[in-house]
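# Observations on the model geometry
Here are the chains, one letter per residue:
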Amino acid sequence: MEDPELEGNATRAKRDDPDATVLADPDATRLADPEATVLTDPNATQIAAPPSSEVANDNASGDAGDDMPTIVVPHAVSSGEGPDGIDAMDDPYAPINDADFTRVTPYAPVAIDSPVTANDKHRSRVHPLAVVLVVVALLAAAAFVVKYTYENEYWGGKTLPDVVGKTETEARSTLSPLGFSVNVNEVLSDDNVGKVISMDPVAGTRTGDDLSVTITVAVARTVPSVVGLSQSDAKTALYNVGAENISIAYQNSSEAEGMVLAVDPGEGKAFVSSDQITLTVAQPFKVPDVLGLTLSDAEKAIEAAGLAHTVSYTDEKGEENAVVSTSPEAGTEVSEGSTVTLYVPSPKLTDAYHLAEYFDIDPADLDAYLTKQGYSVSSTGVFPSGNAYAVYSDGTATITITDYPESGDALGAGTGTSSLAAGKAVGGVRLQTSASAVSSSAAISSSGISAVMDACGLSNLVSSCTADTAQTTRAIDKAGLSFICGYGQQGDYVWSILIGSLNGSPTQAIVAIAPKSHYDGIDLSDYGNDLASYIAITSYYGK
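First things first, this report covers the structure right here in the doc. None of the values given here were measured: they were computed from a predicted structure.

All right, on to the pattern of salt bridges then. The tally for this structure, following the rule as stated, stands at two salt bridges. Here Arg-172 ties to Glu-168 by a salt bridge, and the two come within 3.3 Å at their closest N and O atoms. Taken together, the residues span about one helical turn, with Arg-172 and Glu-168 both in helix H4 (residues 168-175) at a distance of four residues. Residue classification places Glu-168 among the partly exposed residues on the basis of a relative accessible area of 26%. Arg-221 is paired through a salt bridge with Asp-190; the nearest N and O atoms lie 2.6 Å apart. Of this pair, Arg-221 sits in strand S4 (residues 221-222) while Asp-190 sits in the loop between strand S1 (181-188) and strand S2 (196-200), and the two are 31 residues apart along the sequence.

Following this line, the structure appears as structure tokens:
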């Protein structure tokens, strides 16, 4: 079927190139149904749509290549209109005039698949769930890599190990190999000295890029240098290092008052805060307070104060051998080297006749006691045994400190300060005086022996003898001799009492006492093996 109008207005396009595009008449009438697939002319050759899989080459987007002809896509023709020339030329499937291959005849457009956009039924599809799973897997792998490298500290810093309780050396050996720079902060402490007591950051912290750590190490408190400082400055220095118990001792000195002369414990010594620290501080020369101290301790204190001393016994009540007062009094300011008198209670002896008590008192105290009782030393010395020899007399009685109290043998020593005062021990004691001075009942009889025992505090009589019963192989003259002699044992000592008169002289009493060991080596065979006979004969006639 021919359309005159279309035929009349059609423009023939000559193509020198067989691949040239034929443009449709722009005035051609457009078909009403653009979706129609049947050509208008039944005799026209129908060109099948190219398979949807055939897609233009890379030059289809703009420039046509040498190997690919331009494809003309037919357009729908509406009533009264034909396809425009460009659209007609762009359609590769437009019918060609049979006569000259240039005329475009009316046709019904054929719907074809775009050579650029693939048909949905041919498009390859990916299931959304598969995409999700792939993404999740990739994310999980990435997370694992991040987690693994982080946990193994390939990035993100290091985790601090715990070094609390270690020494500084051990802490450094732990931290430094891991790349940490170690700063040390020292604090004074009573406990865990030399150990790490804290760390910053704390153990287990992931540090990030900053690999520095500060460890706090406990160090011992030590006494600072305070000698030569004022008392106030020295105390401040001690408080600053944690001292809590500071005491002050004053010492006489020519240094400025209040200057620290010494510290105990000494400078540089370690201590804990509860330890007592004693500062010795200079003061003008004063009598130290020694009340209540033993005599020996008081003497040391007086000497340390740069003063001299003497000892005096007093009837004041107080602890035996302890200072009850001083002169001058404690705290009195005196000049260097002044003498201080120390007063102590008299030694606790019942009286001078209680000879057994002589062994229980300090020799120097015994000397002081006898002196206080009115006895003076007429002869003194030291036996080869090291014991004292001293003869004391008050004009009525004679008391001899001797190793041989049964005979009263003199040592032949000179006079001077008693060896008792020098601390020499008492080896034995002999008292010789009128019997009546000891006891008014001291007669030459058994009752006289008992009376003297009571007066001297003796007990445990063993045996006695008289001039008539005394045994001896020695040739002695008993003419005019009258006596009674008894002995006994009291504790570790042997005592004897001899009451007698020679040729009508006043009756005397001789009381002797010595350790038991003193008589162990004596041969009593010449005295009938009777100790009382030996003591009586020896006392009157010597050994």
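Looking at where Gly-408 falls in the secondary structure, it is placed in the loop between strand S14 (398-401) and strand S15 (429-434). The spacing of Gly-408 and Arg-430 is 22 residues in sequence and 6.9 Å in space, taken between C-alpha atoms.

Moving on, we get to the sheet that holds strand S13 (residues 388-393). What the eight strands build is an open sheet, ordered S12-S13-S14-S15-S19-S18-S17-S16; its pairing is antiparallel. At either end of the open sheet lies a strand with only one pairing partner, and these are strand S12 (376-382) and strand S16 (461-466). Across the sheet, the mean angle from the axis of one strand to that of its neighbour is 10°, orientation sign disregarded. In terms of strand pairing, strand S17 (residues 481-490) meets strand S18 (residues 493-502) through ten bridges, oriented antiparallel. Residue pairing across strands places Ser-482 opposite Ser-501, the latter belonging to S18. Of the strands in this sheet, S16, S17, S18 and strand S19 (508-515) touch helix H9 (residues 446-456), which is tilted by about 130° from S18. Most of the contacts of helix H11 (residues 531-541) go to S17, to which it runs at about 130°, and overall it touches S15, S16, S17 and S18.

Per the counting criterion, the structure on display carries two cavities of 30 Å³ or more. Computed from the structure, the second largest cavity encloses a volume of approximately 30 Å³. Partitioned by chemical class, the residues of the lining of the second largest cavity number four nonpolar, two polar and two charged.

What counts and what doesn't
Residues numbered from 1 in each chain as written. Predicted model: local features only at pLDDT ≥ 70, side-chain atom pairs only at ≥ 80, totals over all residues. Heavy atoms only, no water. Salt bridge = Lys/Arg side-chain N within 4 Å of Asp/Glu carboxyl O. Helix = DSSP H or I, 4+ residues; strand = E, 2+ residues; numbered from the N terminus. Buried < 20%, exposed > 50% of the residue type's maximum accessible area, 1.4 Å probe, protein only. Pairing = 2+ DSSP bridges. Axes fitted to C-alpha atoms, helices over the stretch in contact; angles between N-to-C directions. Contact = heavy atoms within 4.5 Å. 1 Å grid on protein atoms, 1.4 Å probe; cavity = no way out; pocket = protein on both sides within 12 Å on 5 of 7 lines; lining within 4 Å. Points joined across faces, edges and corners; volume = space filled by probe spheres on them. Nonpolar A, V, L, I, M, F, W, Y, C, P; charged D, E, K, R; others polar.

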